[in-house]
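Remarks on the overall topology
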Number of protein chains: 2
Amino acid sequence: MPVRMQDVALRAGVSVKTVSNVVNGYPHIRDSTRRRVEEAIDELGYRMNVSARDLRTRRTGMITLNVPELSLPYFAELADSVIRAADERGWSVLIEQTGAERERELEVLAGNRRHRGDGVLFSPLALGPDDLGHFDVGFPLVVLGERVFGARADHVTMNNVEGARAATAHLIASGRRRIAVVGAHAGEVIGSAALRLAGYERALADAGIPFDPALVGEAGLWHRSTGAETMARLLDSGTAIDAVFALNDAMALGALHALHERRIDIPGDIALIGFDDVDDVRYSVPTISSVDPGRDEIARTAVGLLVERITGSTEPFRRVVPPMRIVGRRSTGDTQGDGETVVAALPGWLEDIP
Amino acid sequence: MPVRMQDVALRAGVSVKTVSNVVNGYPHIRDSTRRRVEEAIDELGYRMNVSARDLRTRRTGMITLNVPELSLPYFAELADSVIRAADERGWSVLIEQTGAERERELEVLAGNRRHRGDGVLFSPLALGPDDLGHFDVGFPLVVLGERVFGARADHVTMNNVEGARAATAHLIASGRRRIAVVGAHAGEVIGSAALRLAGYERALADAGIPFDPALVGEAGLWHRSTGAETMARLLDSGTAIDAVFALNDAMALGALHALHERRIDIPGDIALIGFDDVDDVRYSVPTISSVDPGRDEIARTAVGLLVERITGSTEPFRRVVPPMRIVGRRSTGDTQGDGETVVAALPGWLEDIP
DNA sequence: CTCCGCTTCTACAACGATGTAGAGTATAGA
DNA sequence: TCTATACTCTACATCGTTGTAGAAGCGGAG
């Protein structure tokens, strides 16, 4: 029933291969022939059977993006950027959600799930350093995020430590001394939480401010709700606080909520800075300062690396850390209106993974 | 280089078809044979070539979701729900962004874009009633949203008019009389803006309140920023206002921002209700009441209809309108804390498109 | 006039799976 | 014992495209 190249060829009076050549823009075709074929295509309403082409060329032109959930704004924006970056290069993106469940994340690496597409972009959230072995997969894979370092795969990550240090340093520079942290993960040595906390501690040390565990609020999941709860706990604990570093923006928004409820003036009484620079923080009241990890750059780089692998690159695995910016807004008193100002910029870099 | 069924068959000492049968769970296979095949699969690390299967079965198991942008929270949450619903049925989802550009939306219908997957879920934002003809496409298509009614395709939409009426009525019930609207589109007769405005007007009429054009604020794009701008314009105009109906939640959040800046008490001075019930409105300060269009239900229904079409249904086209709820939160004084309460529930329905 | 190289096109064999038809066995019923 | 039925497995064609190899025509250089 569906129209095949065969049918087009018959109608145009040429061979199937010539139709294929026309469709694929092969240059050595007489204009008159090309026109005849194109007319036949239009008349019959021919559309290429992608599966057949994929089978023959051993390539699908699709990549799979595995994220925890699209309803988390950071991942929605990341997916947006990835789709754009892929589209620019003519690739399509299949999206799967792992729900940050360990089992499903392992399935991504095992390749047990329906295995479509030529490669995988994977942003794990449940897996950790112990799972390093699982990352040695047999298909093109680019890992995103901070859960796993040293895997045998290309890796696009952020300069978490320096970003956190710069964010904290920015708070310190405005005279804050009692800086609370929202979102720590006790006992973790790797992952965004641990790295950002390390940056925080380093900034304190640089400024000669003693580290006070009472200022560190734990939060397992990095959602708005947990940010609000953690902030509330910190405030109720009675510890003196004059600034808050939320380890991501979702929690910063939650923390803002908790601060508002207690009618605490921001940044008058307490300054606030987040991490991720999602769109939301530009529209909260007050607007929230944040660390911009360069989402577009991350997406573009990741797609680029993946496509290189797919097309056969055998370079050593690489870790890419795009440049970052600390964006000052009203929650740290850097602006009055809705504007924003870049208060620090950190360079990116690229290194081989041994 | 890659392992084929052929290789597995050779190793297990069976025919290719038997391997295929094992992989696809065909029942009449001796246990010992099945085990041998499974061992061979493990030993060789065999993974099915999906393109070959798709070619032979004439089905890909994928659907394409076309949305404006994933960075708009409503569409991110919709995509989340669609992926879940598809996954439950064993389907994968390819996501493409149109950026709400007319050209790209037309391309979706023309099928000119790389045409992968067995069907399309399409949420247009730029196309309108004039483009109805374009929707008569040759592939399974389910339309989402309010831009186009009466297209020759299945359609999952919302009860916009009644939802808006109920939302407005809720404001009126709490004693408000000067209810501003944020996000109207002048001259539109169809689409979310027009329908929701119609519901608003109907609620006013029901209550015998005269319609005052000065209370209607236009906003082309429904973003947070335009919501803030429109709200600011309305406030600056000097019109008396004691409540705001934002035609979607993004604008409600923007409006909230503008209200806060002027230190207006919510809901004391002005009550606020939005539309969509995105996650954000549960974490703003105060939390914002909204109309919940039943996102999960929309997604599940849409995926269900699409899969039916793909598997050959020839039923008449149907329009489905899932049930809706009006969720009361602090911005309308329905709760004190972070809780929420369902202040109204509207039934859904299903109808054939002639 | 021949040879070479370029252009234009065709024939045929893949790519790797599954549907169909049917060949052997085993099991049960008559 | 013989047939009918169910189970287990195989051979072969086929899905719709593209890669390969090469044929035919043409123009220009030698």
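Scoring rules and cut-offs
Position labels on residues start from 1 in each chain and follow its written sequence. Lettering for chains starts from A, numbering for ligands starts from 1, and both go in the order in which the items are written. Given that the model is predicted, a residue must reach a pLDDT of at least 70 before its local features are reported, and side-chain atom pairs must reach 80 or more before they are shown or counted; all residues, however, enter totals for whole chains, interfaces and linings. The angle between two axes is taken between their N-to-C directions and runs from 0 to 180 degrees, where each axis is a line fitted to C-alpha atoms and a helix contributes only its stretch in contact. Under the scheme used here, helices are H or I runs from DSSP no shorter than 4 residues and strands are E runs no shorter than 2 residues, and both carry numbers assigned from the N terminus. Helix crossings fall into two classes, left-handed where the near helix is turned counterclockwise from the far one by less than a right angle and right-handed where it is turned clockwise. We call two residues in contact when the distance between their C-beta atoms, placed using the backbone, is within 7 Å. Each residue gets one of three labels, nonpolar for Ala, Val, Leu, Ile, Met, Phe, Trp, Tyr, Cys and Pro, charged for Asp, Glu, Lys and Arg, and polar for the others, Gly among them. At least two bridges found by DSSP between two strands is the condition for calling them paired. The atoms used to superpose the copies are C-alpha atoms, taken from residues with pLDDT of at least 70 in both, and the fit is least squares. Partly exposed residues are those whose C-beta has more than 12 but fewer than 20 other C-beta atoms within 10 Å; 20 or more makes a residue buried and 12 or fewer makes it exposed, with C-beta atoms placed from the backbone. Think of it like this: strands point away, you trace from the first strand over the helix to the second, and a clockwise trace means the crossover is right-handed. Each residue gets a C-beta atom placed from its backbone. Should that atom fall within 6 Å of a molecule or strand, the residue is termed near it. Expected span of a helix: the number of residues minus one, times 1.5 Å. Note on terminology: angles under 35 degrees are roughly parallel, angles over 145 are roughly antiparallel, angles of 65 to 115 are roughly perpendicular, and the others are oblique.

**Quick word on the packing of helix α4 (residues 50-57) of chain A against helix α4 (residues 50-57) of chain B**
- For the pair α4(A) and α4(B), the least separation of the axes is 8 Å and the interaxial angle reads 145°. The two elements α4(A) and α4(B) meet at a crossing, and its hand is left-handed. Contacts between α4(A) and α4(B) pair S51(A), A52(A), D54(A) and L55(A) from the former with S51(B), A52(B), D54(B) and L55(B) from the latter.
- Split by residue class, the contact of α4(A) with α4(B) holds four nonpolar, two polar and two charged.

**Digging into the sheet that holds strand β12 (residues 324-328) of chain A**
Residue and element names in this part refer to chain A.
- Spatially, the three strands line up as an open sheet ordered β10-β12-β13, and their pairing is antiparallel. Two strands close off the open sheet at either side, each with one partner strand: β10 (290-292) and β13 (341-346). Taken pair by pair, the neighbouring strands of this sheet meet at an average axis angle of 25°, ignoring direction.
- Alignment of β10 against β12, held across three bridges, turns out to be antiparallel. Residue D292 lies in a different strand from β12, and its bridge partner there is R325.
- Relative to the sheet, helix α7 (residues 160-173) contacts β10, β12 and β13, its axis offset from that of β13 by approximately 140°.

**Quick word on the relation of the copies chain B and chain A**
- Taken as rigid bodies, chain B and chain A are interconverted by a rotation of 180° and an axial shift of 0.0 Å, the fit giving an RMSD of 0.1 Å. Given the turn and translation reported, the copies of this chain are related as if by a two-fold rotation axis. Ranked by how close their C-alpha atoms come to the rotation axis, the residues of chain B are headed by L94(B), at 2.1 Å.
- A share of 98% of interface residues in chain B that are also interface residues in chain A marks the association as one of identical surfaces.

**A closer look at the pairing of strand β6 (residues 179-184) of chain B**
All names here are of chain B.
- With respect to burial, β6 is a largely interior element, six of its six residues being buried.
- As judged from the four bridges shared by β6 and strand β8 (residues 243-246), these two strands associate in the parallel manner. Of the residues in β8, the one forming a bridge with V182 is A246.
- Where β6 meets strand β7 (residues 216-218), three bridges bridge the pair, whose relative direction is parallel. When the bridges of β7 are listed, A184 appears paired with E218.
- Regarding the hand of the β-α-β motif, the stretch spanning β6, helix α8 (residues 192-207) and β7 is right-handed.

**Examining the interface of chain B and chain A**
- Counting residues at the interface gives 40 residues for chain B and 39 residues for chain A.
- Going through the elements one at a time, α4, α5 (73-88), β2 (92-97), α9 (224-236) and α10 (249-261) of chain B are the ones with two or more residues in the side of chain B that touches chain A.
- At six residues, α5(B) tops the list of elements feeding residues into the side of chain B that touches chain A.
- Residues that form the side of chain B that touches chain A fall into these classes: 16 nonpolar, 13 polar and 11 charged.

**As for the protein's contact with DNA strand C**
- Within the structure, DNA strand C sits among 25 residues, and S15(A), T33(A), R4(B), S20(B) and N49(B) are positioned closest to it.
- At the level of secondary structure, the elements contributing two or more residues to the surface near DNA strand C comprise α2 (16-23) and α4 of chain A together with α2 (16-23) and α4 of chain B.
- Per element, the largest residue contribution to the surface near DNA strand C is five residues, and it comes from α4(B).
- Of the residues contributing to the surface near DNA strand C, the split by class is 10 nonpolar, eight polar and seven charged.

**Considering the protein's contact with DNA strand D**
- Around DNA strand D, the surrounding shell holds 26 residues, and the nearest of these are S20(A), N49(A), S15(B), T18(B) and T33(B).
- Mapped onto the surface near DNA strand D, the elements with two or more residues apiece are α1 (5-12), α2 and α4 of chain A together with α2 and α4 of chain B.
- Here the surface near DNA strand D takes five residues from α4(A), the largest share from any one element.
- Considered class by class, the residues forming the surface near DNA strand D number 10 nonpolar, nine polar and seven charged.

**Thoughts on the sheet that holds β6(B)**
All names here are of chain B.
- Sheet architecture is open: four strands sit in the order β7-β6-β8-β9, paired in parallel fashion. Edge positions in the sheet fall to β7 and β9 (271-273), since each has one partner strand and no second. When strand polarity is set aside, the average angle formed by the axes of neighbouring strands in this sheet is 20°.
- Sitting on the sheet, α9 touches β6, β7 and β8, and the angle it makes with β6 is about 140°.
- Packing against the sheet, α10 makes contact with β6, β8 and β9, and its axis sits at approximately 145° to β8.

**Side note on helix α5 (residues 73-88) of chain A**
Residue and element names in this part refer to chain A.
- Helix length check: α5 (16 residues) gives 23 Å between terminal C-alpha atoms against 22 Å at 1.5 Å per residue, within 8%.
- Most of α5 is tucked away: 13 of the 16 residues are buried.
- Backbone geometry just after α5 places G90 at a positive phi near 80°.

**Focus: the environment of P323(A)**
- Relative to the helices and strands, P323(A) resides in the loop between β11 (318-321) and β12.
- Excluding its chain neighbours within four sequence positions, the residues that come into contact with P323(A) are G294(A), A345(A), L346(A), P347(A) and G348(A).

**A closer look at unusual backbone geometry**
Residue and element names in this part refer to chain A.
- Residue P267 is bonded to the preceding I266 through a cis peptide linkage, with omega at 5°.
- With phi around 55°, A100 is a residue other than glycine that occupies positive phi space.
- Within the secondary structure, A100 is located in the loop between β2 (92-97) and α6 (102-110).

**Considering the packing of α2(A) against helix α3 (residues 31-44) of chain A**
Residue and element names in this part refer to chain A.
- Orientation of α2 relative to α3, taken along the N-to-C sense of each, is 90°, at an axis distance of 10 Å. When the axis of α2 is compared with that of α3, the two are roughly perpendicular. Contact residues: T18, V19 and V22 in α2; T33, R34, V37 and E38 in α3.
- Residue composition of the contact of α2 with α3, by class: three nonpolar, two polar and two charged.

**Focus: the environment of V161(A)**
- Tracing the chain through its elements places V161(A) in helix α7.
- Sequence separation of V161(A) and R196(A) is 35 residues, and the distance between their C-alpha atoms is 5.2 Å.

**Focus on α7(A)**
- Here α7(A) spans 20 Å end to end across 14 residues, near enough to the 20 Å set by a 1.5 Å rise per residue.
- Where α7(A) ends, the next residue or the one after it, G175(A), has phi of about 95°, a positive value.

**Section: the environment of E88(B)**
- As for its position among the elements, E88(B) is in helix α5.
- Since 10 C-beta atoms lie within 10 Å of it, E88(B) is described here as exposed.

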